[in-house]
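As a plain string of letters, each chain reads:
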Amino acid sequence: MTSDLARFYQQMYVIRRLEETLLEMFSAGEINGTTHTCIGQEATAAGVISHLDSERDVIFSNHRCHGHYVAFTDDVEGLIAEVTGRTTGTCGGKGGSQHLCRGNFYSNGIQGSIVPVATGIALAERERKSGAVTTVFIGDGTLGQGALYECLNMASLWRLPLMVVVENNHYAQSTPEELAVSGSISARAAAFGIPTAEITTTDVEEIHATAGSAVERIRATGEPFFMVLDTYRFSPHSKGDDTRDPAEIEARRASSDPIALIADRLDPELRADIEQAAERRVADAREAALAAPVAGAVQA
Amino acid sequence: MRSERCVQALNGGLHEAFERRDDVYLIGEDLLDPYGGAFKVSQGLSDRWPERVITTPISEASLFGVAAGMALRGYRPVLEIMFGDFIALGFDQIINGISKFREMYDDQVTLPLVVRTPMGGRRGYGPTHSQSLEKLLMGVPNIRVVAASEYHDLRAMTHAAIDDDEPVFLIENKLMYGRPNRRPENGYIDELSVREGSGTYPALTLSGNDFGEAAATIVTYGGMLPIAVEAATELILEHEVFCEIVVLGELLPLDLAPILESVGRTGALITAEEGTLTAGIGAEITAQVTEAAWGQLRRPVRRVAANDGVIPSAPNLENMMLPGAGEVRDAVLALDPAAV
Ligand SMILES: Cc1ncc(C[n+]2csc(CCOP(=O)(O)OP(=O)(O)O)c2C)c(N)n1
Ligand SMILES: [Mg+2]
């Protein structure tokens, strides 16, 4: 029997290794296109998604979706194969890093554009009486998109079981929060009569607790919820594009790495096992992807 | 034979579809009875199915996405956009969501949604409430653009759009709503013989001389149909020139077969649309016909369309801007049909 803590550690470690591996593969020329990694942000995926049931609930994620995808589907293999353009990829190589779909998981790369679709999904699930919670993940930069506020209005009016999770990593590409986000983030949702929660830690256990009450509340009332999570990405926005102050990145790495934060709470032996298994799994997935048929290859 | 106005036929089709399937929902602004939608196409639905008619805030940019989300999860939403001009607000959802999801998710999903909206001017509504913007949808992959006209079976067209597994943009027309929905009787509508094409949204080909010798094929759709018929009638009565008229049911993917068939008989092509000329539907038809049947064209193609400008409110100015029967007639006469 695995404890919550061990499960979080396992998920976050797999996600971390997956993302680091993708960056390595980029440098090695094994990946085409682009990718947005969530190194440093793994706790939001693990903490929130552990309350969701992949058979019933729905997630619509954004460009930075790998952590959400793996926490929900556990499909490391399909993701690496997708990003490397293999026929075995989640979408047969058509979607790539930011356009994933598997079961009840969807993602798309247009900032803000996913919120209306998630709103429609929540409406459908309400009508089907499926009991599903639909979760949409957005970044701080995406708070600039008007469609978000149209949807907060509709979700509130129509009492939709929609959870909006803002992952506030304080940057949108190169733009710091101060240049793009005015006033209060959670007050924006509160103005539509939507209950909110805001936490300022990357401790997965605290995120898990806050998300737990949010999901419970949505299931009980069928009504929307808006959650703001503080986080920080240690990796560049996509590949090599980072203009942030290295000292700031180092300080955040030292204070709020979600993996380091809980490492000491685990039995060292268990921890070593988890790490080893994760290393192996990601390495195997990389190998399997590179050995799989390239999508669209002309048959000899 | 049913004798009903187009608005009643469209409304009747929606009522029948709601009776037939319980996965159909109607979403849009001002839908609730007794109002029943700005053009009354949705009348009576909310009284009968209050839980399946969702009246919305003024949020077009999101409503296209809301419909997409419902369609992704197994419903068949019909989104009413009050004026066709307002599809402009939905273009992100149309281009980056609705037209993409099925293919980019490797056929794991379908998007059976219908967007219904009235296009067209001649009612003095002015620059932002009179446009024919369906041409902006023409380059978008994986969607269907279907054009209602007063000679099409509008009940059947509504059913077909709702049963379609691809996203359908059902383009209606404001002046069409109030006119009778005519159907051929024994192969004729008035003096015109009518051949109905094949497919889910069939084209209609009209002839004033039972498909005898004709000088040109006029390809049109939607609200331009009565104008093309008026022009063709005048050409017969005053110039003894016969034309065939192809009334398209489906603009995208473009239904080329009936056009080629008619051009094969007439050797000349005129396109007539109410939208602005540049990069219009006529441009695409022209390209496809010249690629497929260059050898059969005996005259250069001519496009009849609105001037590239805004649609004025004042009646005289609006009439000058939009193509009328006179322009269609002149385009045919410019082919010098007597010499053909
Ligand atoms: C509509 C739109 N505009 C711009 C972009 C380019 N872009 C991709 S990610 C990004 C920053 C997003 O910032 P945020 O929402 O804070 O998410 P984060 O990247 O920090 O996770 C931008 C500008 C986009 N994908 N879509
Ligand atoms: Mg951000």
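Thresholds, definitions, all that
- Residues numbered from 1 in each chain as written.
- Chains lettered and ligands numbered in written order.
- Predicted model: local features only at pLDDT ≥ 70, side-chain atom pairs only at ≥ 80, totals over all residues.
- Heavy atoms only, no water.
- Donors = N, O, S within 2.8 Å, 3.2 Å for Na, K, Ca; no water.
- Helix = DSSP H or I, 4+ residues; strand = E, 2+ residues; numbered from the N terminus.
- Buried < 20%, exposed > 50% of the residue type's maximum accessible area, 1.4 Å probe, protein only.
- Near = heavy atom within 4 Å.
- Polar contact = N/O pair within 3.5 Å; in protein donor to acceptor, adjacent residues only side chain to side chain.
- Areas by Shrake-Rupley, 256 points an atom, 1.4 Å probe, with all protein chains shown as cover.
- Arc of directions from axis to C-beta.
- Contact = heavy atoms within 4.5 Å.
- Salt bridge = Lys/Arg side-chain N within 4 Å of Asp/Glu carboxyl O.
- Pairing = 2+ DSSP bridges.
- Axes fitted to C-alpha atoms, helices over the stretch in contact; angles between N-to-C directions.
- Domains from an automatic or database assignment.
- Buried area = accessible area lost by both parts, 1.4 Å probe.

Peer 1: So what exactly am I meant to see when it comes to the coordination of the magnesium ion (ligand 2) here?
Peer 2: Any two of four tetrahedral donors ideally make an angle of 109.5 degrees at the metal, while pairs among six octahedral donors ideally make 90 or 180 degrees. Residues and elements named next belong to chain A. The coordination sphere of the magnesium ion (ligand 2), as far as protein atoms go, consists of Asp140 (OD), Asn169 (OD1) and Tyr171 (O), spread over 2.1 Å. Spacing between the donor residues of the magnesium ion (ligand 2) along the chain follows D-x28-N-x1-Y. Linking Asp140 in the loop between β4 (134–139) and α6 (146–157) with Tyr171 in strand β6 (residues 171–172), this pair joins segments that are 31 residues apart in sequence. Like Tyr171, Asp140 is buried.

Peer 1: I tried to follow the site of ligand 1 on my own but got confused; where do I start?
Peer 2: Residues and elements named next belong to chain A. Taken together, 15 residues are adjacent to ligand 1, and His63, Arg64, Gly141, Thr142 and Tyr171 come closest. Within the side chain of Asn169, an N or O atom sits 2.8 Å from an oxygen atom of ligand 1. Coverage of ligand 1 by the protein amounts to 74% of the 580 Å² it exposes when considered alone.

Peer 1: Sorry, what's going on with helix α9 (residues 257–266) of chain B here?
Peer 2: Note that an α-helix has 3.6 residues per turn; residues three or four places apart therefore point the same way. Residue and element names in this part refer to chain B. The complete set of buried residues in α9 reads Pro258, Ile259, Ser262, Val263 and Thr266. The buried residues of α9 occupy an angular sector of 130 degrees when projected down its axis, which confines them to one face. Considering only its buried residues, α9 is in contact with β9 (204–207), β10 (216–220), β11 (243–247), β13 (269–276) and α10 (281–293). Once α9 ends, the next one or two residues include Gly267, with phi positive near 75 degrees.

Peer 1: It is not clear to me how the pattern of salt bridges should be interpreted in this structure. Could you clarify?
Peer 2: A side chain of one charge can pair with a side chain of the opposite charge if their charged atoms are brought near each other. Residues and elements named next belong to chain B. Counted according to the given criterion, the structure contains 44 salt bridges over all chains. The salt bridge partner of Arg155 is Glu4, with a shortest N-O separation of 2.8 Å. Of this pair, Arg155 sits in helix α6 (residues 154–163) while Glu4 is found in the segment before α1 (6–20), placing the two residues 151 residues apart along the sequence. Assessed through its relative accessible area of 13%, Glu4 is described here as buried. Among the salt bridges present, the one from Glu250 reaches Arg144, with a minimum N-O distance of 3.2 Å. Of this pair, Glu250 sits in strand β12 (residues 250–252) while Arg144 sits in strand β5 (residues 144–147), placing them 106 residues apart in sequence.

Peer 1: I tried to follow the sheet that holds β9(B) on my own but got confused; where do I start?
Peer 2: Two orientations exist for strands paired in a sheet by backbone hydrogen bonds: parallel and antiparallel. All names here are of chain B. The strand order across the open sheet built from seven strands is β7-β8-β9-β11-β10-β13-β14, with neighbouring strands paired in mixed fashion. Two strands in the sheet have a free side with no partner beyond their single neighbour: β7 (188–189) and β14 (302–306). Where β9 meets β11, four bridges bridge the pair, whose relative direction is antiparallel. Along β11, the bridge assignment pairs Leu204 with Val247. Sheet strands in contact with helix α8 (residues 225–239) are β8 (192–196), β9, β10 and β11, and its direction is about 170 degrees off that of β11. Of the strands in this sheet, β10, β13 and β14 are in contact with α10, which crosses β13 at around 155 degrees.

Peer 1: Looking at this model, I keep getting lost on the domain arrangement of chain B. Mind explaining?
Peer 2: Where the parts come together, the accessible area they lose is often given as the size of the interface. All names here are of chain B. On domain assignment, one finds that chain B holds domain 1 (6–176) and domain 2 (188–339). Averaged C-alpha coordinates put domain 1 and domain 2 at centres separated by 26 Å. Taken residue by residue, the interface counts 32 residues in domain 1 and 38 residues in domain 2. When domain 1 packs against domain 2, the two sides together hide about 2700 Å² of surface, and 60% of this comes from carbon and sulfur. Among the residues of domain 1 in contact with domain 2, Arg122, Lys135 and Tyr151 are the three that bury the most area, contributing 31% of the side total. Our count for the domain 1 to domain 2 interface comes out at two salt bridges. Applying the counting criterion to the domain 1 and domain 2 interface returns 16 residue pairs in polar contact (both at pLDDT 80 or more). Elements supplying a minimum of two residues to the side of domain 1 that touches domain 2: β5, α6 and β6 (168–173). With four residues, β5 is the single largest residue contributor to the side of domain 1 that touches domain 2.

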